[in-house]
2 protein chains.
Amino acid sequence: MPDTVADVPPGLDDILGFHIRLAHGAVYRHFNETFGTIVPTQKQTSVLWLVSDNPGISQIDIARLLQIDRATMMAITNTLTDRNLMERRTSPIDRRRQALHLTAAGVTSLTVARAAVAAHEVWLKSRFTPEEQVQLVSLLRRIHGGQADQ
Amino acid sequence: MPDTVADVPPGLDDILGFHIRLAHGAVYRHFNETFGTIVPTQKQTSVLWLVSDNPGISQIDIARLLQIDRATMMAITNTLTDRNLMERRTSPIDRRRQALHLTAAGVTSLTVARAAVAAHEVWLKSRFTPEEQVQLVSLLRRIHGGQADQ
DNA sequence: TATTGTTATACTCTATAACTATA
DNA sequence: TATAGTTATAGAGTATAACAATA
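What this report covers is the structure whose coordinates are included nearby. What you see is a predicted model; the values in this text were computed from it and never measured. (Residues numbered from 1 in each chain as written. Chains lettered and ligands numbered in written order. Predicted model: local features only at pLDDT ≥ 70, side-chain atom pairs only at ≥ 80, totals over all residues. Heavy atoms only, no water.)

Here we look at helix 5 (residues 104–125) of chain B
Residues and elements named next belong to chain B.
- The terminal C-alpha atoms of helix 5, which comprises 22 residues, lie 31 Å apart, in line with the 32 Å expected from a rise of 1.5 Å per residue.
- Regarding helix 5, the residues found buried are Gly106, Ser109, Leu110, Ala113, Ala116, Val117, His120, Glu121 and Leu124. Buried positions in helix 5, seen along its axis, are confined to an arc of 145° and lie on one side of it. Facing away from the buried side of helix 5 by over 90 degrees, the exposed positions are Ala104, Thr111 and Val122. (Helix = DSSP H or I, 4+ residues; strand = E, 2+ residues; numbered from the N terminus. Expected span 1.5 Å × (residues − 1). Buried < 20%, exposed > 50% of the residue type's maximum accessible area, 1.4 Å probe, protein only. Arc of directions from axis to C-beta.)

Shown next as structure tokens:
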């Protein structure tokens, strides 16, 4: 994408949803343009992150945490396992479930990805004061409905 | 999607980009689930909206306003023209440009879509005070870089 | 040379529907 | 009956690369 900054058009400027989509697009583009060739996507990184923090977690649990569909989660899991970053193991407790675990390559990839996310966050947060960051997260949370862990 | 509300997982909860993606996803889903069968997508509606407000506008100008690539804009334009909501006319002034205009069906579709957007905005904004709405837009604008029209 | 549109191509994300195995 | 995973399928959005026509 050319890095042109254009004015928000009148009319659409009053639509909150429009600003959310634009902001999301800007974040999406910056991440891909800056780190796209060296790390997994943001969504894939989120999945690796959750599996790393919760070894043996099931697909359906990740889908709930990331607020995506079961079939969507399936597709992402397939991509990650095809690339040998993650593996499915049958749960000995509930044989309907697949326990997810990172491979060694997955651990390495997540390490690099976490560094990319950290750099990306610096870029993103640099335009806000700490108070504004807290405020923004608080407002966004009211949209997506996720509760902070206590 | 099942309408489960799950806790934001620890670790990821500190990532601002994660909250933006989650909020965007929630907005995207609500719009599609509520109006997906009767109106164009949010992005397509944005394009129809801009063409309606700026008859004869070019693809590249819309791409700049919506902050998307030329080829992406091409794909969206194709979809809209294939569905007879919009048409390309060669500009008599600059023959490299295609002047975009809504068809009669496009005008009708946009009318319905605008009503859907309005209802969707009520749903979205209902969780904020007017002051918070202004604050949120102001913060999001710092991310996507679009300037308000004066 | 630069801009606009175009085509070809590819990948990610999203979801619905229906089916299998298990609880 | 309900849950987890799966497969098949489809559509939207995103982009890069290269080319043609025009300015």
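Topic: the relation of the copies chain B and chain A
- Aligned on chain A, chain B shows an RMSD of 0.0 Å; the corresponding rotation is 180° and the shift along the axis is 0.0 Å. With respect to symmetry, the two chain copies, as superposed, fit the operation of a two-fold axis.
- Both copies contact each other with a shared surface, as 100% of the interface residues of chain B are interface residues in chain A too. (Least-squares fit on C-alpha atoms with pLDDT ≥ 70 in both. Contact = heavy atoms within 4.5 Å.)

Some thoughts on the environment of A:Val107
- Following the sequence through the fold, A:Val107 ends up in helix 5 (residues 104–125).
- In this structure, the C-alpha to C-alpha distance between A:Val107 and A:Asp94, residues 13 residues apart in sequence, is 26 Å.

Details of the protein's contact with DNA strand C
- Near DNA strand C you find 26 residues, and of these A:Thr41, A:Arg83, B:Arg29, B:Ile60 and B:Arg70 are the closest.
- Within 4 Å of the protein, the contacting atoms of DNA strand C are 67% sugar and phosphate, with bases supplying the remainder.
- With respect to DNA strand C, the side chain of A:Arg83 contributes an N or O atom lying 2.6 Å from a phosphate oxygen.
- Every element with two or more residues in the surface near DNA strand C is listed here: helix 2 (42–53) and helix 4 (70–82) of chain A together with helix 1 (16–35), helix 3 (59–66) and helix 4 (70–82) of chain B.
- Here the surface near DNA strand C is built from residues that sort into 8 nonpolar, 6 polar and 12 charged. (Near = heavy atom within 4 Å. Polar contact = N/O pair within 3.5 Å; in protein donor to acceptor, adjacent residues only side chain to side chain. Nonpolar A, V, L, I, M, F, W, Y, C, P; charged D, E, K, R; others polar.)

A word on the interface of chain B and chain A
- At the junction of the two partners, chain B supplies 58 residues and chain A supplies 58 residues.
- Scanning the region where chain B abuts chain A turns up 4 salt bridges.
- Between A:Glu132 and B:Arg142 there is a salt bridge, and its shortest N-O distance comes to 2.9 Å.
- At the surface where chain B touches chain A, the tally comes to 17 residue pairs in polar contact (both at pLDDT 80 or more).
- Of all the secondary structure elements, the ones that give two or more residues to the side of chain B that touches chain A are helix 1, helix 2 (42–53), helix 3, helix 5 and helix 6 (130–144) of chain B.
- At 12 residues, helix 1 of chain B tops the list of elements feeding residues into the side of chain B that touches chain A.
- Classifying every residue of the side of chain B that touches chain A by side-chain character gives 29 nonpolar, 13 polar and 16 charged. (Salt bridge = Lys/Arg side-chain N within 4 Å of Asp/Glu carboxyl O.)

A look at the packing of aromatic side chains
- In total, this model carries 2 aromatic pairs over all chains according to the counting rule given.
- Residues B:Phe31 and B:Phe35 carry aromatic rings whose centres are separated by 5.4 Å and whose planes lie at 55° to one another, so their mutual orientation is tilted. With a gap of 4 residues between them, B:Phe31 and B:Phe35 both fall in helix 1, about one helical turn apart. Of the two residues examined, B:Phe31 and B:Phe35, each falls in the buried class.
- One cation-aromatic arrangement involves A:Arg114 over A:Trp49; the distance from NZ or CZ to the ring centre is 4.4 Å.
- Directly above the ring of A:Trp123 sits A:Arg127, whose terminal nitrogen or CZ lies 4.5 Å from the centroid. (Phe/Tyr/Trp six-rings, centres within 6.5 Å; stacked < 30°, edge-to-face > 60°. Lys NZ or Arg CZ within 6 Å of the ring centre and 35° of its normal.)

Structural notes on the protein's contact with DNA strand D
- Around DNA strand D sit 26 residues in total, of which A:Arg29, A:Ile60, A:Arg70, B:Thr41 and B:Asp69 are the nearest.
- Near the protein, meaning within 4 Å, the atoms of DNA strand D are sugar or phosphate in a fraction of 71%, with bases accounting for the rest.
- Within the backbone of B:Asp69, a nitrogen or oxygen atom sits 3.2 Å from a phosphate oxygen of DNA strand D.
- Separating a phosphate oxygen of DNA strand D from a backbone N or O atom of B:Arg95 is a distance of 3.0 Å.
- Mapped onto the surface near DNA strand D, the elements with two or more residues apiece are helix 1 (16–35), helix 3 (59–66) and helix 4 of chain A together with helix 2 and helix 4 of chain B.
- Among the residues forming the surface near DNA strand D, the class breakdown is 8 nonpolar, 6 polar and 12 charged.

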